[in-house]
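Structural overview
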Protein chains: 8
Amino acid sequence: MSKNGSPETAQVAILLGSDSDLPVMKKCLDSLAALEVAYDIVVASAHRTPGRVAAYVDRCETAGVQVFICAAGGAAHLAGAVAAHTTLPVLGVPLAVPPLDGMDSLLATVQMPPGIPVGTLAAGAFGATNAGILAAQILSLADPALRERVRESRLAMREKVLVKNARMRAELGLPEEG
Amino acid sequence: MSKNGSPETAQVAILLGSDSDLPVMKKCLDSLAALEVAYDIVVASAHRTPGRVAAYVDRCETAGVQVFICAAGGAAHLAGAVAAHTTLPVLGVPLAVPPLDGMDSLLATVQMPPGIPVGTLAAGAFGATNAGILAAQILSLADPALRERVRESRLAMREKVLVKNARMRAELGLPEEG
Amino acid sequence: MSKNGSPETAQVAILLGSDSDLPVMKKCLDSLAALEVAYDIVVASAHRTPGRVAAYVDRCETAGVQVFICAAGGAAHLAGAVAAHTTLPVLGVPLAVPPLDGMDSLLATVQMPPGIPVGTLAAGAFGATNAGILAAQILSLADPALRERVRESRLAMREKVLVKNARMRAELGLPEEG
Amino acid sequence: MSKNGSPETAQVAILLGSDSDLPVMKKCLDSLAALEVAYDIVVASAHRTPGRVAAYVDRCETAGVQVFICAAGGAAHLAGAVAAHTTLPVLGVPLAVPPLDGMDSLLATVQMPPGIPVGTLAAGAFGATNAGILAAQILSLADPALRERVRESRLAMREKVLVKNARMRAELGLPEEG
Amino acid sequence: MSKNGSPETAQVAILLGSDSDLPVMKKCLDSLAALEVAYDIVVASAHRTPGRVAAYVDRCETAGVQVFICAAGGAAHLAGAVAAHTTLPVLGVPLAVPPLDGMDSLLATVQMPPGIPVGTLAAGAFGATNAGILAAQILSLADPALRERVRESRLAMREKVLVKNARMRAELGLPEEG
Amino acid sequence: MSKNGSPETAQVAILLGSDSDLPVMKKCLDSLAALEVAYDIVVASAHRTPGRVAAYVDRCETAGVQVFICAAGGAAHLAGAVAAHTTLPVLGVPLAVPPLDGMDSLLATVQMPPGIPVGTLAAGAFGATNAGILAAQILSLADPALRERVRESRLAMREKVLVKNARMRAELGLPEEG
Amino acid sequence: MSKNGSPETAQVAILLGSDSDLPVMKKCLDSLAALEVAYDIVVASAHRTPGRVAAYVDRCETAGVQVFICAAGGAAHLAGAVAAHTTLPVLGVPLAVPPLDGMDSLLATVQMPPGIPVGTLAAGAFGATNAGILAAQILSLADPALRERVRESRLAMREKVLVKNARMRAELGLPEEG
Amino acid sequence: MSKNGSPETAQVAILLGSDSDLPVMKKCLDSLAALEVAYDIVVASAHRTPGRVAAYVDRCETAGVQVFICAAGGAAHLAGAVAAHTTLPVLGVPLAVPPLDGMDSLLATVQMPPGIPVGTLAAGAFGATNAGILAAQILSLADPALRERVRESRLAMREKVLVKNARMRAELGLPEEG
């Protein structure tokens, strides 16, 4: 049921403004996969294929998708365009493109007018990872098992900090942290 | 049950970094009230009262609060501090304080590291309104009646655009839009 | 034929993201009126009324409108949304809204992806005036009488500089420029 | 008649502030060539060769050129200098030069005073492509065949999004989009 | 001989992009007057009256003017346009205009390409005052009496700091500085 | 002994680039006074009175001053100039001056080269208050009574948050926080 | 006693938001080592391990650590989080992470609210070096031998400028400076 | 007489904040050499060697140097520090250093307070070249032969534009410009 690759089986639908956004957005797929959240992902430009964006959003809404994640760069309107077509939660990931390298993408994604919210994550790879996690947190409100996986993932992340701390101290020739 | 003013009865908990943030954040209360979402709201500074923030977040989580909204200005860490203490969805509203007037608040709220997402809204009043709506959208995933109110509110917003359009055209002495 | 207030009689269609944009955009109406270019103007938000934007653009295209002018603030997507629905020339006026005061509007309007151009004017009132003039310049390519009015307006502008120069020098107690 | 390389046969005249701008601006030549719009292109600096800029603009205007495209970096005055010498439509492409990498070029191109519009495209390569397309859109108002080519190019662009979408989904091991 | 108001008697020629620049630029006239440097001042827009700018610069050069001061806002090209027409020293004062309030003016003035320098002063009133002083410093290289006045003015400025210091300490109820 | 107004009796020396900086910097005096830290304060410009700055720093160092606080706006070099003349800790407060309103002051204060640190506080009034507190924290390392006052002040600040929280909730008609 | 690697023997405690911050922060360790200041260093994220940060700060405070240095990037809250838990002096080093490359880190570190100061150093490697030196300057107020080492280090730095000057002049074929 | 490498024989004195500034500033030496202007150049940091800066400025002033050129990065105070010690014209070249890459250097150089002007050139290599040319333009006011060389250099620059234009057109397969 919970299989990637179709709005009918996915909980999260991801729209990329361009296929060149995939390398960074793979981090989003990774964070969804790690939390066992099913997703669909399409390339659909707010500017080049506005009808496709609207049609895909409608199909997703009918199919039961619950959260949208939109990633784009420059005058990054994709998240806003999706938010204009649905009242489901929409998350935006501003991607950096040269030469302004993300400040344009961030402002074009986050500065939405009253009535049409886009929950915006950090510009670039950090935001790609976090969009997946925030989508999972939202879905977990009605899914105790997912809620548990989100919590465990947070705890694992804490363990990793300790491991890195130990490694760094060893590298510096310092004693183990007491 | 769904009464404002206590984590035990609220679905959304709002934290303000300072009571001076209230005038702008009243727009958030308004958008929650209009959608009949119960909220609690406290002043709790990430920097001046970090223990209080953590304790309040814990109490909210136990009490069944589902979404946090955090508003702060300057080195706006409040949303990040809340997100560090919970795996529930956290929304951030960057508020403008002089002299940098919101760019600092926006970047300090949105640029979170991987693992700890904050869904960030627009700087200032637009973001205050939208945080309430996004929280309602998230809650509506498990609440069909709220989902319907969110949809109706969107439709009402559309009507308002038409009314404003008619008024503007009348003011300009133009015929009614055909 | 050339009457304001309907796509059927207008050469230029103006879309405002909000009726609060009118005070600044009156400068655009003034520059079109001074050059005797017929326009229609509507409030139509890319985010609150995306269907309305698309329908209005279609109607304009059918009716023979030749240039679109779009004014919006914040995550100013209106010009991009119009450009996504037409291959007619689209001009964008980024309007300043607090607290970021126009930098967000400018970047969200101008930084369009390849394939979907928006000819962007200055942020604020200067851009409002200039959008009207650039629209007239474009229309004048096929309208020698308009071309002449554009040229005369440029010359009149030059005269005005001289008048202001004379007035300033008088105010400073300097002799007339030799 | 419609041959590149002379104002007498070109519809669009392109001015580069420096020959080092050519690699990026080749994208502009490509978009004009794809739409079969004839152009002339010269290196002519607003600062190093102001007389040459004025003379070339005059010659172009006499020869029947209809649109100017100007590309420059830094204190990018070239588009403004051309716009000061003609009432034909002028499009500006802000090019990124170190160390400020395009923010200076963008502001110096777009923030024109009332009376002298420059239709500004995105900073860098995206804007180079789009300047060619916007010029073609402007010319197409009086050229139905060109209008058709512009429309077809838009449709082809849409097809390309679908192809890229399919390729991306295959790469991710996802089923074809239903 | 050294009278204000004509290039023939002035050492410094001041160009304002608009008469609305005068209130701020009066500070420049004040600093020149205090140092007894004769100036001429005209309104001459690089964009609205490019021919006038070139003609005025030529006349000034013939008449023996030695330094140009140019003040403009937005896409502030005036100093660059003057520098393109002369090899005399050109100083630029970026003036703040809404909504970007001077960052555009500063970058458009200072980021000149190699070969055409503009010595740029601070944005706004500070730069207006300083342009007059820097012009005087330049002229003083060949004018020992002016050099002396510049030095005395610097010393007087130092005295004023001491007076302000004493007044502030008195206001705070502190003893005189020992 | 611990009296304000002379380097000989003060622990902290405050330098203002201009007497117009006093209204904002009164917040610094208030925070020092509240913690019973004796200060001297002078107007001394890094640019207008560089010798005075050096002489005052030398006198302070001889007299036993332990911390410097420097406040300036624009190309705010005062803290850097003081840091260049002493190896005592130097704190910088960037003050906002029009038109760039503090971003220039912040960068000119904080971006010091390796070897000459300036501990920089927030731009404007927040930084003025905090410079006083950080100076007290530094001095408190060798002064247990001051350390205690700093701690109590922090606790009092926490109480004030609770009072403001109660007032806000009352104003909103919410019950007391449980 | 004065050994690196434990709060019990260190005077300065360094917190890194991530182990990837170490390469830049090695410059901080170098400047502390050169001045013979003992430090402890841990990886402890304000967001991923908030409890660990608080516990480590408490342990350090009990153990007699006197100064904290915190380095983080993006929405860099680490220094603020530490400052919220202690009244000891806290220094912040904003580290650059892509794509915004340090402007976000700087604003999130420095723009602290009144009451909770963070003495902020330059973004990146310069700030890393300077945090170590400023910590030493603070500690030296109560440690005459350290004060002497700080002074000698400053003098040595001056010598190095002279050596580099001589080398540069030789490279340029210029005579020794007279 | 006019030999490089000593204040006694130089007309222009160049101060670098660091020897790492030389590679970019070689462009300044080149432009001075091309115009046969004698210079001296030293490494002298406003922060690390403030006394050396003051002493060198005094020596230069006594020796008859006429113009100062100062290049520095980050909180670039060098030009301001020199301007504080002399009433001779001071030119500033803001150099880019990571991670803020020149915006900090530009603002710290140009935003000088009233009374102490620094004529600021573009950030980076363009400004390095132009500082040499502006210095020559200033000196040429009293040196007709130099004035002639400056003019010829400008003309040669124009020729180079034409050569580059021809080369570019050939590369593109376009006919020679008519």
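Residues numbered from 1 in each chain as written. Chains lettered and ligands numbered in written order. Predicted model: local features only at pLDDT ≥ 70, side-chain atom pairs only at ≥ 80, totals over all residues. Heavy atoms only, no water.

**Considering the overall build of chain A**
Across its full length, chain A carries 6 helices and 5 strands. Of the regular secondary structure in chain A, the N- to C-terminal order runs β-α-β-α-β-α-β-α-β-α-α. Each of the three principal axes of chain A carries a C-alpha extent, and together these read 60 × 40 × 30 Å. Residue burial in chain A is summarised as follows: out of 178 residues, 65% are buried. In chain A, of all internal contacts separated by at least 6 residues, the share reaching a separation of at least 24 is 68%. Approximately 5600 Å² of chain A is accessible, and the part contributed by carbon and sulfur atoms is 56%. If you average the places of the 15 positive and of the 17 negative side-chain charges in chain A, the two averages end up 2 Å apart. (Helix = DSSP H or I, 4+ residues; strand = E, 2+ residues; numbered from the N terminus. Buried < 20%, exposed > 50% of the residue type's maximum accessible area, 1.4 Å probe, protein only. Contact = heavy atoms within 4.5 Å. Areas by Shrake-Rupley, 256 points an atom, 1.4 Å probe, with all protein chains shown as cover. Lys, Arg positive; Asp, Glu negative; His and termini not counted. Charge placed at Lys NZ, Arg CZ, Asp CG, Glu CD.)

**Considerations on the interface of chain H and chain E**
Contacts between the two partners involve 43 residues from chain H and, on the opposite side, 43 residues from chain E. Interface area, chain H with chain E, both sides summed: about 3500 Å², of which 62% is carbon and sulfur. Of all residues in chain H, H:Thr87, H:Pro117 and H:Leu141 give up the largest surface area on contact with chain E, accounting jointly for 19% of the area buried on that side. Seen at the junction of chain H and chain E, the total is 4 salt bridges. Between H:Glu61 and E:Arg147 there is a salt bridge, with its nearest N and O atoms 2.7 Å apart. At the junction of chain H with chain E, the criterion picks out 23 residue pairs in polar contact (both at pLDDT 80 or more). Secondary-structure elements contributing two or more residues to the side of chain H that touches chain E are helix H3 (78-85), helix H4 (103-110), strand E5 (119-120), helix H5 (125-140) and helix H6 (144-171) of chain H. Classifying every residue of the side of chain H that touches chain E gives 27 nonpolar, 11 polar and 5 charged. (Buried area = accessible area lost by both parts, 1.4 Å probe. Salt bridge = Lys/Arg side-chain N within 4 Å of Asp/Glu carboxyl O. Polar contact = N/O pair within 3.5 Å; in protein donor to acceptor, adjacent residues only side chain to side chain. Nonpolar A, V, L, I, M, F, W, Y, C, P; charged D, E, K, R; others polar.)

**Observations concerning the layout of surface pockets**
In this structure, the largest pocket spans a volume of roughly 1400 Å³. Residue lining of the largest pocket: 38 residues in total, with D:Met103, E:Met103, F:Met103, G:Met103 and H:Met103 positioned closest to the centre. The set of elements that each furnish at least two residues to the lining of the largest pocket consists of helix H4 (103-110) of chain B, helix H4 (103-110) of chain C, helix H4 (103-110) of chain D, helix H4 (103-110) of chain F together with H4 of chain H. Among the elements that line the lining of the largest pocket, the one with the most residues is H4(H), at 3 residues. Per-class residue counts for the lining of the largest pocket are 29 nonpolar, no polar and 9 charged. (1 Å grid on protein atoms, 1.4 Å probe; cavity = no way out; pocket = protein on both sides within 12 Å on 5 of 7 lines; lining within 4 Å. Points joined across faces, edges and corners; volume = space filled by probe spheres on them.)

**A word on the pattern of salt bridges**
Residues and elements named next belong to chain F. Evaluation of the coordinates by the stated rule reveals 71 salt bridges over all chains. For the salt bridge of Arg149 with Glu36, the shortest nitrogen-to-oxygen distance reads 4.0 Å. Placement of the pair is Arg149 in helix H6 (residues 144-171) and Glu36 in the loop between helix H1 (22-34) and strand E2 (39-43), with a sequence separation of 113 residues. Exposure remark for Arg149: the relative accessible area of 21% places this residue in the partly exposed category. Classification of Glu36 by relative accessible area gives exposed; the value is 54%.

**Focus on the relation of the copies chain C and chain A**
Once turned by 180° and shifted 0.0 Å along the axis, chain C lies on chain A with an RMSD of 0.0 Å. Read as a symmetry element, the transformation amounts to a two-fold axis. In terms of C-alpha distance to the rotation axis, chain C has C:Ala108 as its closest residue, with the C-alpha 2.3 Å off the axis. A shared binding surface is used by both copies, with 100% of the interface residues of chain C retained as interface residues in chain A. (Least-squares fit on C-alpha atoms with pLDDT ≥ 70 in both.)

**Brief notes about the environment of H:Cys28**
All names here are of chain H. If you trace the backbone, Cys28 turns up in helix H1 (residues 22-34). Here the alpha-carbon distance between Cys28 and Thr129, two residues 101 residues apart in the chain, equals 4.5 Å. Discounting chain neighbours no more than four positions away, the residues touching Cys28 are Ile14, Ile69, Ala128, Thr129, Ala131 and Gly132.

**Describing the domain arrangement of chain A**
Residue and element names in this part refer to chain A. Assigned domains within chain A: domain 1 (12-142) and domain 2 (144-178). The centre of domain 1, based on its C-alpha atoms, is set 29 Å off from the matching centre of domain 2. Together, the buried faces of domain 1 and domain 2 total about 660 Å²; carbon and sulfur atoms form 67% of this surface. If you sort the residues of domain 1 by the area they bury against domain 2, Leu35, Gln137 and Ser140 come out on top, with a joint share of 62%. Summed over the shared surface of domain 1 and domain 2, the number is 1 salt bridge. Connecting domain 1 to domain 2 are 1 residue pair in polar contact (both at pLDDT 80 or more). Residues of the side of domain 1 that touches domain 2, tallied by class, amount to 5 nonpolar, 2 polar and 1 charged. (Domains from an automatic or database assignment.)

**So, the interface of chain C and chain A**
With 21 residues of chain C at the interface, the matching set in chain A holds 21 residues. Both faces considered, chain C and chain A share a buried interface measuring about 1800 Å² in area, 68% of it formed by carbon and sulfur atoms. Three residues, C:His47, C:His77 and C:Gln111, lead the burial of chain C against chain A; their summed loss comes to 31% of the area buried on that side. The tally of links between chain C and chain A comes to 0 salt bridges. For the pair chain C and chain A, the interface holds 7 residue pairs in polar contact (both at pLDDT 80 or more). For the side of chain C that touches chain A, the secondary-structure elements that each account for two or more residues are helix H3 (78-85) and H4 of chain C. Ranked by residues supplied to the side of chain C that touches chain A, first place goes to H4(C) with 4 residues.

**Remarks on the relation of the copies chain H and chain E**
Screw-axis analysis of chain H against chain E gives a translation of 0.0 Å along the axis, an RMSD of 0.0 Å, and a rotation angle of 180°. Interface overlap between copies is the fraction of interface residues in one copy that are interface residues in the other; for chain H against chain E it reaches 100%, indicating a shared surface.

**Description of the side chain of G:Thr129**
Tracing the backbone through its elements, the reader meets G:Thr129 in helix H5 (residues 125-140). With near-sequence residues (within four places) excluded, G:Thr129 lies in contact with F:Pro114, F:Gly115, G:Lys27, G:Cys28 and G:Ser31.

**Concerning the side chain of E:His77**
Tracing the backbone through its elements, the reader meets E:His77 in the loop between strand E3 (67-73) and helix H3 (78-85). Looking at E:His77, the relative accessible area reads 4%, which means it is buried. Among the polar contacts listed, one links the side chain of E:His77 to the side chain of E:His47, at a separation of 2.9 Å. For E:His77, the residues in contact, after removing those within four places along its chain, are D:Ala76, D:His77, D:Gly80, D:Ala108, D:Met112, E:Ala46 and E:His47.

**Looking at the state of the cysteines**
Tallied over the entire structure, the rule returns 0 disulfides over all chains. Here F:Cys28 is not cross-linked by a disulfide; its sulfur's nearest cysteine counterpart is in F:Cys70, at 10 Å. Under the relative-accessibility criterion, F:Cys28 is labelled buried at 0%. Summary of cysteine pairing: H:Cys60 is not part of a disulfide, and the nearest cysteine sulfur, belonging to H:Cys70, is at 9.9 Å. (Disulfide = S-S within 2.5 Å.)

**Some words on the confidence of the model for chain A**
Averaged over every residue, the pLDDT of chain A is 97; the share at 70 or more is 99%. Across the predicted assembly, pTM comes out at 0.98 and ipTM at 0.97. (pLDDT = per-residue confidence, 0-100.)

**Quick word on the pairing of strand E3 (residues 67-73) of chain D**
Residue and element names in this part refer to chain D. Within E3, 6 of the 7 residues are buried, which leaves it mostly tucked inside the rest of the structure. As defined by bridge partners, strand E1 (residues 12-16) adjoins E3 across 5 bridges and the pair is classed as parallel. Residue pairing in the sheet places Leu15 in a bridge with Cys70 of E3. For E3 and strand E4 (residues 90-95), the ladder comprises 6 bridges, and the chain directions are parallel. Residue pairing in the sheet places Gly73 in a bridge with Leu95 of E4. (Pairing = 2+ DSSP bridges.)

**Things to note about the packing of H5(G) against helix H6 (residues 144-171) of chain G**
Residues and elements named next belong to chain G. Where H5 meets H6, the closest approach of the two axes is 8 Å, and the angle between their N-to-C directions is 140°. Between H5 and H6, the interaxial angle falls into the category oblique. When you trace H5 past H6, the crossing you get is left-handed. On H6, the residues that touch Ala136, Gln137, Leu139 and Ser140 of H5 are Pro144, Leu146, Arg147, Val150 and Arg154. (Axes fitted to C-alpha atoms, helices over the stretch in contact; angles between N-to-C directions. Parallel < 35°, antiparallel > 145°, perpendicular 65-115°, else oblique. Left-handed = near helix turned anticlockwise from the far one by under 90°.)

**Looking at the arrangement of the chains**
Nowhere do chain E and chain G come into contact; their C-alpha atoms are at least 17 Å apart. Spatially, chain B and chain H are disjoint, and the shortest separation between their C-alpha atoms is 15 Å.

**A short note on unusual backbone geometry**
E:Pro98 connects to E:Pro99 through a cis peptide bond whose omega is 0°. Inspection of the secondary structure assignment puts E:Pro99 in the loop between strand E4 (90-95) and helix H4 (103-110). Even without being a glycine, B:Asp101 presents a positive backbone phi close to 60°. When you line up the elements, B:Asp101 lands in the loop between strand E4 (90-95) and H4. The partly exposed category is assigned to B:Asp101, whose relative accessible area is 34%.

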